[in-house]
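A structural walkthrough
Below are the chains, spelled out letter by letter.
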Amino acid sequence: AEVGSNFRDLAGAVESIAAAKSAGADAVKFQAFTGEALYGPSSGSMPNELRLEWLPKLKEKADAVGIAFACTAFSPELVKIVDPFVAFHKIASSDCCWPQLLDAVMDCGKDIVISVGAHSQGDKDGIFDYIDDYGGGDIYPLYCVAAYPADFADPEAFFDHQQRWCSNWGFSDHTLGILAPLVMSREGAVVIEKHFT
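Counting of residues starts from 1 at the beginning of each chain's written sequence and follows it residue by residue. With pLDDT at 70 or above as the cut-off, local features in this predicted model cover only qualifying residues; side-chain atom pairs require 80 or more to be listed or tallied, and sums for whole chains, interfaces and linings still use all residues. Excluded from the side-chain calculations are hydrogens and water; all other atoms, namely the structure's heavy atoms, are used.

Looking at the pairing of strand 3 (residues 68-73)
Regular strands place their side chains on alternate faces of the sheet. Defined as follows: Using a 1.4 Å probe on the protein chains alone, a residue whose accessible area is under 20% of its type maximum counts as buried, one over 50% counts as exposed, and one in between counts as partly exposed. In this text, helices come from DSSP runs of H or I with a minimum length of four residues, and strands from runs of E with a minimum of two, each type numbered from the N-terminal end. At least two DSSP bridges between two strands are required for those strands to pair.
With five of six residues buried, strand 3 is to be regarded as a mostly interior element. Judged from the six bridges that link them, strand 2 (residues 27-32) and strand 3 form a sheet pairing that is parallel. Paired with glutamine 31 across the bridge in strand 3 is threonine 72.

Some details on the sheet that holds strand 1 (residues 2-4)
Selection criterion: Axes here refer to lines fitted to C-alpha atoms; in helices the fit is confined to the stretch in contact. Angles between the N-to-C directions go from 0 to 180 degrees.
If you walk across this open sheet you meet the three strands as 1-2-3, and the pairing is parallel. Edge positions in the sheet fall to strand 1 and strand 3, since each of these pairs with one other strand and no more. Sheet twist, expressed as the mean angle between neighbouring strand axes with direction ignored, is 20 degrees. Pairing analysis gives two bridges linking strand 1 to strand 2, with the strands arranged parallel. In the strand pairing of strand 2, glutamate 2 is matched with lysine 29.

Points about the side chain of aspartate 83
Where we set the bar: Residues are treated as being in contact if the distance between any of their heavy atoms lies within 4.5 Å.
Take aspartate 83: it is sitting in the loop between helix 4 (76-82) and strand 4 (89-91). Judged by relative accessible area, aspartate 83 falls into the buried class, the value being 18%. Excluding its chain neighbours within four sequence positions, the residues that come into contact with aspartate 83 are His89, Cys108 and Lys110.

Thoughts on the packing of helix 1 (residues 10-22) against helix 3 (residues 55-65)
Quick note on the threshold: Should an angle fall under 35 degrees it is taken as roughly parallel, and over 145 as roughly antiparallel, whereas 65 to 115 is taken as roughly perpendicular and any remaining angle as oblique. Rotating anticlockwise by less than a right angle from the far helix to the near helix defines a left-handed crossing, while the corresponding clockwise rotation defines a right-handed one. In this classification, Asp, Glu, Lys and Arg are treated as charged, Ala, Val, Leu, Ile, Met, Phe, Trp, Tyr, Cys and Pro as nonpolar, and every other residue, Gly included, as polar.
The N-to-C vectors of helix 1 and helix 3 enclose an angle of 25 degrees; their axes lie 10 Å apart at closest approach. With respect to each other, helix 1 and helix 3 are oriented roughly parallel. The chirality of how helix 1 crosses helix 3 is right-handed. Side by side, helix 1 and helix 3 meet where Leu10, Ala13, Val14, Ile17, Ala18 and Lys21 of the first sit next to Lys57, Leu58, Lys61, Ala62 and Val65 of the second. When grouped by side-chain class, the residues that make up the contact of helix 1 with helix 3 number eight nonpolar, no polar and three charged.

Some details on the packing of aromatic side chains
Heads up, the condition is: Side-chain rings of Phe, Tyr and Trp (the six-membered ring for Trp) are treated as a pair once their centres are within 6.5 Å; stacked means planes under 30 degrees apart, edge-to-face means over 60, and tilted covers the remaining angles.
Tallying each qualifying case throughout the model produces five aromatic pairs. Taken together, a centroid distance of 6.2 Å and an interplanar angle of 90 degrees make the contact between phenylalanine 33 and phenylalanine 74 edge-to-face. A residue pair is termed long-range when its members are at least 10 positions apart, and phenylalanine 33 in the loop between strand 2 and helix 2 (35-39) and phenylalanine 74 in the loop between strand 3 and helix 4 qualify at 41 residues. The exposure class assigned to phenylalanine 74 is buried, which follows from its relative accessible area of 8%.

Comments concerning the sheet that holds strand 4
Adjacent strands of a sheet pair through backbone hydrogen bonds, lying either parallel or antiparallel. Sheet architecture is open: five strands sit in the order 4-5-6-7-8, paired in parallel fashion. Lying at the two open borders of the sheet, with one neighbouring strand each, are strand 4 and strand 8 (191-194). Each strand of the sheet is rotated relative to its neighbour by a mean of 20 degrees, with strand direction disregarded. Sheet analysis places strand 5 (residues 112-115) next to strand 6 (residues 139-143), joined by four bridges and oriented parallel.

Structure follows, in structure tokens:
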């Protein structure tokens, strides 16, 4: 269950964790970013930045309701901050070709979920060549259409390539409704990431 930045305050973030568990999700995920990490030192703060001091409380709530906690980090420095709290690391499509971020995540030794939307076949091959010798946890690449909301395109071309480099593939769903994740699950996706409020 991808909460992302869909909360107004700590109480709303905590409530989202309980809602994700109630909806049947196995994991709940937030996003740790700063204006500087995303856009450079002159950007200032951004609305709905996850306050890093909330991480222990969010992890505590996830543990209490019995759901795995994760938080996408948008810089190598943030990877180190979120690592003690997360069950796995998620890399966003926008950062999946960033070697320093990939290195920071691989240094943690946990499972990696990595979105590869909006990237060429060459980019995807390069990403998986780069992390091919990863000796940590499992790697779960997620197909996605990097649009909000996205139209559900025919995924057949992706499936053909997917089988060449991983059987643990999944789907990061930016569509409205539940049709796309149902189709992808039927086709063999082992991870479904669904954005929700």
